[in-house]
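Descriptive structure summary
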Amino acid sequence: MTLNRRREITGFYCGEVLAAHTAGCAFSRRTAMVPCERPFPIVVTTNSGYPLDQNLYQAVKGMSAAAQVVSEGGFIAAAARCNDGFPDHGNFRTLLYDHESPRALLDTIMRPGFSMYDQWEAQLMAGVLLKARVGLFSELPPDAVRRAHLEPIADLEATLADEIRKAGPHAPVAILPEGPMTIPYIAGARA
């Protein structure tokens, strides 16, 4: 089944499982996904505002959407309030803090037999960080953001101006105002 942004049903896909899934994916690609001609050196994303931007764990979803179209070694600027912290419960912060780098975190998670609640979102974030630098504009203390392997952003406008200066004055910038509700992909690539 597919839904639109008003949560109305837009299609049912029944029958043989793989054929139904393929039909649903094709419909979603035509109606919900945004093709991009090339990767972007800079991508600005959100986590679609309240209630989705309450903590860093949830904000990874917007970062993941941006990672679909950011250039290797590019920069993702993520704006998410994170007023609920990492959050304080669960293992997400521990997984981030207990590893010196995103690569070390992934190495731990990929070890045979390793299993920890909240590892999926930490794994997703580490994968994004291996592809691009990620800056976070949030209410989290800068030291906490750095310990999570992200770059704290105090002034979003100044940070973007600096990144554009580094990338060149004509560098394209992608903006995903609805973060994880946006499904960008590089045209010609499998999505």
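Since the model is a prediction, treat every value here as computed from it, not as a measurement.

Taken as a whole and judged by the stated rule, the model has three aromatic pairs. When the centroid spacing of 5.2 Å and the interplanar angle of 85° are considered together, the rings of Tyr57 and Phe92 count as edge-to-face. One end of the pair, Tyr57, is in helix H2 (residues 56-67); the other, Phe92, is in helix H3 (residues 92-97), and 35 residues separate them in sequence. Between Phe86 and Tyr97 the ring centres are 5.5 Å apart and the planes differ by 80°, which places this aromatic pair in the edge-to-face class. With Phe86 in the loop between strand S5 (70-79) and H3 and Tyr97 in helix H3, this pair connects stretches of sequence that are 11 residues apart. Taking relative accessible area as the criterion, Phe86 reaches 1% and is therefore assigned buried. Above the ring of Tyr185, the side-chain terminus of Arg29 is found at 3.9 Å from the ring centroid. Between Arg147 and the ring centre of Tyr97, over which it is positioned, the NZ or CZ distance is 3.7 Å.

What follows is about a nonpolar patch on the surface. Taken together, the side chains of Met1, Leu3, Ile9 and Phe12 define a hydrophobic patch exposed on the protein surface, amounting to about 470 Å² of accessible area. Structurally, Ile9 is set in strand S2 (residues 9-11). Since its relative accessible area comes to 47%, Ile9 is described here as partly exposed.

Another point: the nonpolar core. Counting residues in each nonpolar core, the largest one holds 41 residues, and the members touching the most others are Leu56, Met63, Phe92, Leu96, Met125, Leu136 and Leu150. With eight residues, H2 is the largest single contributor of residues to this core. Residues in contact with Leu136, not counting those within four places in the same chain, are Leu56, Met63, Ala78, Ala80, Cys82, Val145, Leu150, Glu151, Pro152 and Ile153. Ile42, Val44, Ala77 and Leu160 belong to the second-largest nonpolar core, a separate cluster that totals six residues.

Read across the open sheet, the five strands follow the order S7-S6-S5-S4-S8; overall the sheet is parallel. Two strands close off the open sheet at either side, each with one partner strand: strand S7 (151-152) and strand S8 (173-176). When strand S6 (residues 133-137) meets S7, the two strands line up parallel, connected through two bridges. Note on S7: the bridge partner recorded for Leu136 is Pro152. Where H2 meets the sheet, its contacts fall on strand S4 (40-46), S5, S6 and S8, and the angle it forms with S5 comes to roughly 140°. Against the sheet, helix H7 (residues 156-167) engages S4, S5, S6 and S8, with an angle of about 165° to S4.

Here we take up unusual backbone geometry. Of all residues except glycine, most have a negative phi; of all peptide bonds, most are trans. For the bond from Tyr50 to Pro51, the omega torsion is 0°, close enough to zero to count as cis. The topology assignment puts Pro51 in the loop between S4 and H2. Between Phe86 and Pro87 the backbone carries a cis peptide bond, its omega angle lying at 15°. Note on placement: Pro87 falls in the loop between S5 and H3. Phi at Ser48 is positive, roughly 70°, even though this residue is not glycine. Assignment of secondary structure puts Ser48 in the loop between S4 and H2. Assessed through its relative accessible area of 25%, Ser48 is described here as partly exposed.

Conventions and cut-offs
- Residues numbered from 1 in each chain as written.
- Predicted model: local features only at pLDDT ≥ 70, side-chain atom pairs only at ≥ 80, totals over all residues.
- Heavy atoms only, no water.
- Phe/Tyr/Trp six-rings, centres within 6.5 Å; stacked < 30°, edge-to-face > 60°.
- Helix = DSSP H or I, 4+ residues; strand = E, 2+ residues; numbered from the N terminus.
- Buried < 20%, exposed > 50% of the residue type's maximum accessible area, 1.4 Å probe, protein only.
- Lys NZ or Arg CZ within 6 Å of the ring centre and 35° of its normal.
- Patch = residues over 30% accessible without salt bridge, like charges linked within 9 Å, V, L, I, M, F, W, Y side chains within 5 Å.
- Areas by Shrake-Rupley, 256 points an atom, 1.4 Å probe, with all protein chains shown as cover.
- Salt bridge = Lys/Arg side-chain N within 4 Å of Asp/Glu carboxyl O.
- Core = buried A, V, L, I, M, F, W, Y, C linked by side-chain atoms within 4.5 Å.
- Contact = heavy atoms within 4.5 Å.
- Pairing = 2+ DSSP bridges.
- Axes fitted to C-alpha atoms, helices over the stretch in contact; angles between N-to-C directions.

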